[in-house]
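Here is what each chain is made of, one letter per residue.
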Amino acid sequence: MSNINEKMTRYRWVICAMLFFATTVNYLDRQVLSLLQPMLEEQFHWTDDDYGTITAIFSLFYAVSMLFAGSFVDKIGTKKGYAWAIGIWSVGAAIHAVCGVATEWWTGLPNAEALRTVAAGSDLAAQISVISVTAFVVCRCMLALGEAGNFPAAIKATAEYFPKKDRAFATGIFNSGANVGAIVAPLTVPLMAKYWGWETAFIVVGLIGFIWLGLWLFIYKKPEENTAMNAAERAYINQDGNENAPEQQAGEAPKKIPFFRCMTYKQTWAFAFGKFMTDGVWWFFLFWTPAYLKAQYNMTGTDIALPIAVLYTITVVGSVFGGKFPTYFINRGMNPYAGRMSAMLIIAFFPLVVLAAQPLGFISYWLPILLISVGASAHQAWSANLFTTVGDMFPKSAIATITGIGGMAGGIGSVFVQKGAGMLFTYSSGAAVSVEGKTVELTKEALAQGATILREPMVFMGFEGKPAGYAVAFIVCAVAYLIAWIVMKTLVPKYKPITVE
């Protein structure tokens, strides 16, 4: 029998720390490619459209995988579901290292330097591009399959270990791992690529995932089975009781909501639309900021490490404090959903500063970086609260499933953003036709080889070429959150939890 005056243990924060480190690894794995893009672009003769294809297919496969990942985690449980997820994505991250070897073998070229020195616009350069893109797509699909399980498992673990009032804060903490991963990656990946080759970066981040996996299997247990926590902490975790629904009687298994029934709720569609409109923005910043610094400021390799690290250091603020922000409204009498939606409306205005990124970019590259960091920080604050609306409205037995459905919608939105960005930047840069009759991107190197201009660079808001394309992209990113909030509020104007009959 427990002592009612015993001091409460804090094992729930150990679980939160594990979720934080898993999300850090998740984004380390995810960002390696974007940081190496300038180097890989030269070695494999990629255009922006090629890179956009790789990131778009990753997003599409991630979206489809998310649809099933949530149900999978709900079915086999948080511990096993998370273990399978990180095991698969760690293998997927490591096998990227063989893409170069596979391309060399297929084309019959001896090494990376031979790939790089093939004439731009030639048939062999086109073959190298197609083969390498295909190889990276296969690896990205395996990475996406595993990474799709991260957020459904993490959100489910949060719902199991935290009461509703603390979930947004806990989500904000573990979600800040995305920022930490994005900080660590630019400080380490370019250096590894410079001294040991780009393949090393993929292998190292894959191995880190297996270290986490070993710790997770040892540490995680359900609260009711966890002997490292006491009755006081379990009572604190379960303080909401059966607020959402009478999910189960003593000794009964949790009642499930059938997958297709989940699709009939407006609450599901509200969450899914919020993800659809905004996930692509975050991934655009993640995948394209290094390419932006190269296109606009001719920065490559280790040059981009500091600005990218600063960008994601700032976003940690939004992730942690954004999750805490709704408590201001909740402590003044609002229910959790209303408090979160009020906070999200305010947060949705912050990305509008990204509209000034291009107009002020001529002063210094630091101004766009700082403005983008505000937008990215707002996204993390938005995301921490958006995820938690699922726990506000759905019973624990359906949380991973609904998170997976929303993740699928976010992935589909990202497909449009990533592929659209690649096409936009290729189009906006103009095109040249080489002396062999091959259409290639308009560059100084192409013109030096005797190419003639086929299409003039795009002009928009006084910008020309790729900077014009980025001006268009930043407008889309800036307004996405307000559009998402309006639609979500229209679908679910008031707090209405789902009950399980």
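Located above this text is the structure these notes cover.
Being a predicted model, the structure only gives us computed values, none of them experimental. (Residues numbered from 1 in each chain as written. Predicted model: local features only at pLDDT ≥ 70, side-chain atom pairs only at ≥ 80, totals over all residues. Heavy atoms only, no water.)

With respect to the overall build of the protein chain
If you tally the helices and strands in the protein chain, you get 20 helices and 5 strands. The C-alpha radius of gyration of the protein chain comes to 23 Å, within 12% of the 23 Å expected for a compact globule of 501 residues. Judged by the C-alpha coordinates and their principal axes, the protein chain covers about 85 × 45 × 40 Å. Counting only residues that meet the buried cut, the protein chain has 58% of its 501 residues in that class. Partitioning the intrachain contacts of the protein chain with sequence separation of at least 6 by distance along the chain shows that 83% fall at a separation of at least 24. Here the protein chain contributes 35 positively and 31 negatively charged side chains, and the mean placements of these two sets differ by 12 Å. (Helix = DSSP H or I, 4+ residues; strand = E, 2+ residues; numbered from the N terminus. Rg over C-alpha atoms; globule rule 2.2 N^0.38 Å. Buried < 20%, exposed > 50% of the residue type's maximum accessible area, 1.4 Å probe, protein only. Contact = heavy atoms within 4.5 Å. Lys, Arg positive; Asp, Glu negative; His and termini not counted. Charge placed at Lys NZ, Arg CZ, Asp CG, Glu CD.)

Considerations on a nonpolar patch on the surface
A contiguous nonpolar surface patch, about 330 Å² in accessible area, is contributed by Val91, Ile203, Leu207 and Phe210. Counting residues per element, the nonpolar patch draws most heavily on helix H10 (residues 198-219), at 3 residues. Turning to its location among the elements, Val91 is positioned in helix H3 (residues 78-94). (Patch = residues over 30% accessible without salt bridge, like charges linked within 9 Å, V, L, I, M, F, W, Y side chains within 5 Å. Areas by Shrake-Rupley, 256 points an atom, 1.4 Å probe, with all protein chains shown as cover. Salt bridge = Lys/Arg side-chain N within 4 Å of Asp/Glu carboxyl O.)

Comments concerning empty space enclosed by the protein
Evaluation of the coordinates by the stated rule reveals 5 cavities of 30 Å³ or more. Quantified by volume, the largest cavity comes out at close to 130 Å³. Lining the largest cavity are 15 residues; nearest its centre among them are Tyr27, Phe151, Lys275, Asp279 and Phe387. Among the elements of the structure, helix H1 (11-44), helix H2 (48-76), helix H13 (266-297) and helix H17 (366-393) are those that each provide at least two residues to the lining of the largest cavity. In the lining of the largest cavity, the residues fall into 7 nonpolar, 5 polar and 3 charged. Each pocket or cavity is described by its volume, and for the second largest cavity that value is around 60 Å³. Along its surface, the second largest cavity is lined by Ile155, Thr158, Ala159, Arg167, Thr171, Phe387, Thr388, Gly391 and Ile399. Only helix H7 (150-161), helix H8 (164-175) and H17 provide two or more residues apiece to the lining of the second largest cavity. Of the residues that constitute the lining of the second largest cavity, the class distribution is 4 nonpolar, 4 polar and 1 charged. (1 Å grid on protein atoms, 1.4 Å probe; cavity = no way out; pocket = protein on both sides within 12 Å on 5 of 7 lines; lining within 4 Å. Points joined across faces, edges and corners; volume = space filled by probe spheres on them. Nonpolar A, V, L, I, M, F, W, Y, C, P; charged D, E, K, R; others polar.)

Looking at the packing of aromatic side chains
By the definition in use, this model includes 41 aromatic pairs. Geometrically, the ring pair formed by Trp288 and Phe425 is edge-to-face, given 5.1 Å between the ring centres and 70° between the ring planes. Within this pair, whereas Trp288 is found in helix H13, its partner Phe425 is found in helix H18 (residues 399-428), the two being separated by 137 residues in sequence. Like Phe425, Trp288 is buried. The structure contains a cluster of three or more aromatic residues connected by ring pairs, namely Tyr51, Phe284, Phe285, Trp288, Tyr292, Tyr297, Tyr365, Trp366, Phe425, Tyr470 and Phe474. Above the face of the Phe58 ring, Arg140 is positioned so that its terminal group lies 4.9 Å from the ring centre. Residue placement shows Arg332 over the ring face of Tyr328; its charged tip is 3.8 Å from the ring centre. (Phe/Tyr/Trp six-rings, centres within 6.5 Å; stacked < 30°, edge-to-face > 60°. Lys NZ or Arg CZ within 6 Å of the ring centre and 35° of its normal.)

A short note on the pattern of salt bridges
According to the stated counting rule, one finds 7 salt bridges in the structure shown. Among the ionic pairs, Lys419 bridges to Asp49, the shortest N-O distance being 2.7 Å. Here the residue Lys419 occupies a position in helix H18, and Asp49 occupies one in helix H2, the gap between them amounting to 370 residues. Arg116 serves as the salt-bridge partner of Glu113, at 2.8 Å between the closest nitrogen and oxygen. Here the residue Glu113 and the residue Arg116 both occupy positions in helix H5 (residues 112-116), the gap between them amounting to 3 residues, near one helical turn. Residue class for Glu113 comes out partly exposed when judged on its relative accessible area of 45%.

Quick look at H18
Between its terminal C-alpha atoms H18 stretches 42 Å, which fits the 44 Å expected from 30 residues at 1.5 Å a residue. Within H18, 23 of the 30 residues are buried, which leaves the element mostly enclosed by the surrounding structure. Of the residues trailing H18, Gly430 is marked for its positive phi of about 85°. (Expected span 1.5 Å × (residues − 1).)

Some words on the environment of Asn335
Mapped onto the elements of the fold, Asn335 is located in the loop between helix H15 (327-330) and helix H16 (336-349). Of the residues examined, Asn335 reaches a relative accessible area of 28% and is grouped as partly exposed. Taking the C-alpha atoms as reference points, Asn335 and Phe58, 277 residues apart in sequence, are found 37 Å from one another. When near neighbours in sequence (up to four residues on either side) are disregarded, Asn335 contacts Ile330 and Tyr495.

Digging into H16
Along an α-helix, a turn takes 3.6 residues, which lines up residues three or four apart on a common side. In this model H16 runs 21 Å from its N-terminal to its C-terminal C-alpha over 14 residues, within 8% of the 20 Å that 1.5 Å per residue would give. By the burial criterion, the buried members of H16 are Pro336, Tyr337, Gly339, Arg340, Met341, Ala343, Met344, Ile347 and Ala348. For H16, the elements touching its buried residues are H8, H15, H17 and helix H20 (466-491).

Examining the environment of Val281
Topologically, Val281 is positioned in helix H13. We classify Val281 as buried; its relative accessible area is 4%.

Brief notes about unusual backbone geometry
Within the chain, His45 stands out as a residue other than glycine whose phi angle is a positive 60°. A positive phi angle, close to 55°, is found at Asn298, a residue other than glycine. The topology assignment puts Asn298 in the loop between H13 and helix H14 (305-324). Taking relative accessible area as the criterion, Asn298 reaches 63% and is therefore assigned exposed.

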